[in-house]
Amino acid sequence: DSKDSKLSDSNTTTGAPFRGMGKEELLQHSGKPFWRRLRMICISIVLIGWLALIITVVALVLIYPRCKTPEGRDWWQRDVIYRVYVRSFKDSNNDGIGDLKGLTSKLDYIKDLGVGAISLSAIYTDDGTDGDFHIMDHKSIDSNVGTIADFRNLLSDAHAKGLKVILDYIPNHTSDNHQWFIESRDAIMRNDTHRNYYVWTDYPTNWRSVDDSTAWNRSSPRDQYYLHQFRSDLPDLNLRSSQVQQELEGILKHWLNEGVDGFYVRDSGFLFEDYDMRDESLTSSNLPQDEYNSYNHEYTYGLPEVMDMLSRWRHVMNNYTNRVLLADINGDVSKMMELYGYFKQDGVDLSLNRMFRDNNYPCDGACVRQYVNQWMTNLPTSRWANWVVDDDSSARIASRFNESFVKAFYMVTMLLPGTPFIYYGDEIGMKDVPAQTPDAGSMLSYIKNLTKLRQQDSFVIGEYHSFTVDNQIVSFVREFDGKKGYLVAVNFGTSSATRDFTAGHSTIEKTATVEFSTGSAAGFEMEADVDTSELSLPPNQGVVVSWDYVAKEL
């Protein structure tokens, strides 16, 4: 201290400026307890600040809503499928029968609809009997519809235009003129190759065919009864036979090697019957015993073995790239869902939702919502929905409902998650009675615009949020992070309705832009802004409105 005092006095005396402490003095002062404590406090503050910053950043990363990674979609999930009954679609040679050349000539028209795949009715060689199911050779093309060269041209041209081709697969039965059946019928010795290709018995059960006749027919020279769940000239194959299973797998591989993109398994519920051939029970004791619908069919329809066989065929197709397997089955929705997979085995890609085919007018919002919800709520995890409005075994939708309803219903099915089907002619409002000329241009343009809208990301990969307004309105939201959000609202009632849709889902903006509507009768101007809190819809009219994505806040 005395030294510091002398230095200070000296500087004061001489008037020289203070130039700070030297190194030794700094070290001396910094070692004092006060300065050591001050340094530790400062360092601690800095470290605590950095630690708090890191914790805050980590917490934000963990709890802040992140943009979702879009799920991958196969072509059969992205595309609309166009169902064609080949023999009545387009006749290229004026013989009165639609054919493959005629279909090939219309591929540009089909592509222009905005669809991505064509599902063809049966085109295999048959015996000329009415219908497409009297098959004599599953590996050849029926001469009435063309040749194998015609089919290859169709397939090549379709693929060049970005269209997939799906074939009908009919494994339950053949024509009684099929060489398999002829040899099975004539098989006397137990070791005859085709003896067990069909279902034979000495003692018929009470089983009925779908046309209400007995399901058994006696045949010579075998002197036994064969099973036919359809007509008597359509004997059922015995799918319990390993030989038949190999034959059917061979048919799949034959057409897969030709390059087809998938199969529609027809009448899958009939594939197996009870091994012990037990009589079936009546649904009620007072019903006539000669009618098919009088029985429960617990031994002839939808047996567990059906699901196992579909899984085997799924396994065959997994050896090929990007192929799809479809199947249909009658019954309640739980039975249809079983086709997607059974006992942890993969089943079909699409269990066809044909539940609306038998619906007739009137069908209000509650009716449509029930149709949608019973499928969506029962759909197994990671499985894909689909929407079949009509097909070649039902009345056309334009014959069951008026045009306004048809447009409104298509708006719903096209924009829901899932794969929509269009039955050929529906895009022009075709009816079952050819004297009834539709307004083709109006419906055609409408379908094209719908399929174009459906290609937006929010409809392809977006989330689906349904909400109930009332028995008139069907409404839902489709949205995905970073993409436009869409509200689809349709009035299936008989009177106009004004509703507040902002309460239906948290992301719906009060001001939204009109993207699409069912037509001028809906009363909306394209690209105009509307107030979703008081949106008005005339009967059987609908609208699609959008809003820009807004990032979620904490």
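Whatever comes next refers back to the structure up there.
As the structure is a computational prediction, the values presented were derived from the model and not from experiment.

Draft legend 1. Structural detail: the sheet that holds strand E13 (residues 350-351). Taken in spatial order, the eight strands make up an open sheet running E13-E10-E9-E5-E2-E1-E15-E14, and their pairing is parallel. Of all the strands in the sheet, just E13 and strand E14 (386-388) have a single pairing partner and so form its edges. Here strand E1 (residues 81-84) runs beside strand E2 (residues 117-120); their pairing, made up of four bridges, is parallel. Of the residues in E2, the one forming a bridge with Ile81 is Ala117. Helix-sheet contacts for helix H14 (residues 403-415) involve E14 and strand E15 (419-423), and the interaxial angle to E15 is about 140°.

Draft legend 2. Structural detail: the sheet that holds strand E16 (residues 463-468). What the six strands build is an open sheet, ordered E16-E17-E18-E23-E20-E21; its pairing is antiparallel. Lying at the two open borders of the sheet, with one neighbouring strand each, are E16 and strand E21 (529-531). For this sheet, the mean angle separating the axes of adjacent strands, direction not counted, is 35°. Bridge count between strand E20 (residues 511-517) and E21: three bridges; the pairing is antiparallel. By the bridge assignment for E21, Thr513 is matched with Asp529. This element, helix H12 (residues 365-376), spans E16 and strand E17 (473-479) of the sheet and lies at about 140° to E16.

Draft legend 3. Highlighting the pattern of salt bridges. Scanning the model with the defined rule gives 29 salt bridges in all. Across the salt bridge formed by Arg152 and Glu258, the nearest N and O atoms sit 2.8 Å from each other. Of the two residues, Arg152 sits in helix H7 (residues 148-160) while Glu258 sits in helix H9 (residues 242-258), which places them 106 residues apart along the sequence. For Glu258, a relative accessible area of 21% translates into the label partly exposed.

Draft legend 4. Examining the packing of aromatic side chains more closely. Applying the stated criterion across every chain yields a total of 27 aromatic pairs. Ring geometry for Tyr371 and Trp387: centres 5.6 Å apart, planes at 65°, overall edge-to-face. Of this pair, Tyr371 sits in helix H12 while Trp387 sits in strand E14, and the two are 16 residues apart along the sequence. We classify Tyr371 as buried; its relative accessible area is 3%. Judged by relative accessible area, Trp387 falls into the buried class, the value being 1%. Seen in terms of ring centroids, Phe405 and Phe409 are 5.8 Å apart; in terms of plane orientation they differ by 10°. Their pairing is stacked. Within this pair, Phe405 and its partner Phe409 are both found in helix H14, separated by four residues, close to a single helical turn. The two residues Phe405 and Phe409 agree in class, both being buried.

Rules and cut-offs
- Residues numbered from 1 in each chain as written.
- Predicted model: local features only at pLDDT ≥ 70, side-chain atom pairs only at ≥ 80, totals over all residues.
- Heavy atoms only, no water.
- Pairing = 2+ DSSP bridges.
- Helix = DSSP H or I, 4+ residues; strand = E, 2+ residues; numbered from the N terminus.
- Contact = heavy atoms within 4.5 Å.
- Axes fitted to C-alpha atoms, helices over the stretch in contact; angles between N-to-C directions.
- Salt bridge = Lys/Arg side-chain N within 4 Å of Asp/Glu carboxyl O.
- Buried < 20%, exposed > 50% of the residue type's maximum accessible area, 1.4 Å probe, protein only.
- Phe/Tyr/Trp six-rings, centres within 6.5 Å; stacked < 30°, edge-to-face > 60°.

Functional significance is not addressed by these values, which are geometric in nature.
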